[in-house]
Amino acid sequence: YDLQQISEKKGEKSMAPMTLKERFMNQLMGKKVDMTPVGCTTTYGVVDFMKQCGYERPLADTDPVAMTELGYAGYQHGGFEWVKAMGWDILPLSEAFGCELGTPKIDLQYSVKGHPYSDGVDNLTFPSNFLEKGRFPIYKENLKLLKKKVGEEVVMFGESEGAFTCAANLVGTELFMKWCIKKPDAVFKVLEVTKQAAIAAANFAFDHGADYYAYAEPTSGPALMSPRLWEKFVLPVEKEIVSKVKGPVVLHICANTDPIIELMCETGVAGISIEEKADLKLAVEIAHKKGVKVFGNVATATTLFSGTQEEVYKEAIKALENGTDFLCPGCGIAPRSPLENILQLKKARDDFYK
């Protein structure tokens, strides 16, 4: 009522109420919204969410009901305005290709322990039954269950590692980065296969009700490769992937992505997700010129996990002032992050628009 009065005094037409899904999708597509959506576009396997919903990891890594309830808990208890499907790590593709994974715990994600193609990639192919491997059958049920819970009122997204990060997992990151210099043909050979997997995974998610898909490409960050190599190896692959999936894509890359923000936007994605080490204001300026939206970028380790509520609030306000399109953590939320800190994201957003 107060907002309506203010807008009428300014001679503006008040905006009709929006569902959370309408707000999110309008923002992603460049239409007007009443306020910035708040949530998380990476992983949020938070222990406090588990306590609230009654389902813990590692059960929530492999059981579709537990996975669904933990995904919904971000919306129900954390103030998030959209929900995540497809689990709490970014290894679905690598696992389906045969990577050996470590054992997850309540506060520990799966990690890659073995690289099936470290001795060579001559036998690497994309299997026709790829979506029957790994946890994809579990994700299929998870997507159905979560979509049933949120309906058309709340956005649901799927996520996996991207083609480049998957390729590095299959070979071994250190060796794969050396190949980028010494054996570029081998790099392209692996990417040709993992590219097909990335497309299949996203379309699988869209076919089962996802509204957008997030690719995490931490291995392609500037800490590991130069912008020149990114343009050579990552950009063409991401462009092709985005052109062949059935819905909007968000690209997440860790660390300071300032040197490659423009390249990230040239992939054709609808949005980019960046960490606090990147210059959010500059990223917004570059991205908006290319019609791309920005997700970010409250610090996960130094603020959400170990900071005070006041520090989270201030950093969230700063992100809003710097023009973020979606107020989010800069990366996956650390499992032991306090719920009280996470709730400051929505509080800051709400106060910002009062």
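The following refers to the structure shown.

Procedures and definitions
- Residues numbered from 1 in each chain as written.
- Predicted model: local features only at pLDDT ≥ 70, side-chain atom pairs only at ≥ 80, totals over all residues.
- Heavy atoms only, no water.
- Helix = DSSP H or I, 4+ residues; strand = E, 2+ residues; numbered from the N terminus.
- Rg over C-alpha atoms; globule rule 2.2 N^0.38 Å.
- Buried < 20%, exposed > 50% of the residue type's maximum accessible area, 1.4 Å probe, protein only.
- Contact = heavy atoms within 4.5 Å.
- Areas by Shrake-Rupley, 256 points an atom, 1.4 Å probe, with all protein chains shown as cover.
- Phe/Tyr/Trp six-rings, centres within 6.5 Å; stacked < 30°, edge-to-face > 60°.
- 1 Å grid on protein atoms, 1.4 Å probe; cavity = no way out; pocket = protein on both sides within 12 Å on 5 of 7 lines; lining within 4 Å.
- Points joined across faces, edges and corners; volume = space filled by probe spheres on them.
- Nonpolar A, V, L, I, M, F, W, Y, C, P; charged D, E, K, R; others polar.

### A short note on the overall build of the protein chain
1) Next: The helix and strand inventory of the protein chain stands at 16 helices and nine strands.
2) Next: Relative to the compact-globule value of 20 Å for 354 residues, the protein chain shows a C-alpha radius of gyration of 20 Å, a close match.
3) Next: Taking the principal axes of the C-alpha coordinates as reference, the protein chain spans close to 70 × 45 × 35 Å.
4) Next: Across the 354 residues in the protein chain, those meeting the buried criterion constitute 57%.
5) Next: For the protein chain, long-range pairs separated by at least 24 residues make up 72% of all intrachain contacts whose partners lie at least 6 apart in sequence.
6) Next: Per element, the accessible surface of the protein chain, about 14700 Å² overall, is 50% carbon and sulfur.

### Regarding the environment of Pro-17
1) Next: Relative to the helices and strands, Pro-17 resides in the loop between α1 (2-9) and α2 (20-28).
2) Next: Taking the relative accessible area as the measure of exposure, Pro-17 reaches 79% and is therefore exposed.
3) Next: In this structure the C-alpha to C-alpha distance between Pro-17 and Phe-295, which are 278 residues apart in sequence, comes to 23 Å.

### Observations concerning the packing of aromatic side chains
1) Next: Evaluation of the coordinates by the stated rule reveals 24 aromatic pairs.
2) Next: On the numbers, 6.0 Å between centres and 80° between planes, the contact of Tyr-44 with Phe-49 is edge-to-face. Of the two residues examined, Tyr-44 and Phe-49, each falls in the buried class.
3) Next: Look at Phe-130 and Phe-136: their rings are 5.6 Å apart centre to centre, the planes differ by 50°, and that puts the pair in the tilted class.
4) Next: Since its relative accessible area comes to 1%, Phe-130 is described here as buried.

### Thoughts on the layout of surface pockets
1) Next: In this model, the second largest pocket occupies a volume close to 400 Å³.
2) Next: If you trace the second largest pocket, you find 25 residues lining it, with Thr-43, Asp-89, Ile-90, Gln-109 and Tyr-110 closest to the centre.
3) Next: Among the residues forming the lining of the second largest pocket, the class breakdown is 12 nonpolar, 10 polar and three charged.

### Points about unusual backbone geometry
1) Next: Of note, the amide linkage connecting Arg-57 to Pro-58 takes the cis form, showing an omega dihedral of 10°.
2) Next: Along the chain, the position of Pro-58 falls in the loop between α3 (47-53) and α4 (59-62).
3) Next: Despite not being glycine, Met-86 shows a phi value in the positive range, around 70°.
4) Next: Along the chain, the position of Met-86 falls in the loop between β1 (82-84) and α6 (92-96).
5) Next: Positive phi, normally seen in glycine, also occurs at Ala-255, with a value near 70°.
6) Next: Mapped onto the secondary structure, Ala-255 falls in the loop between β6 (249-253) and α12 (261-265).

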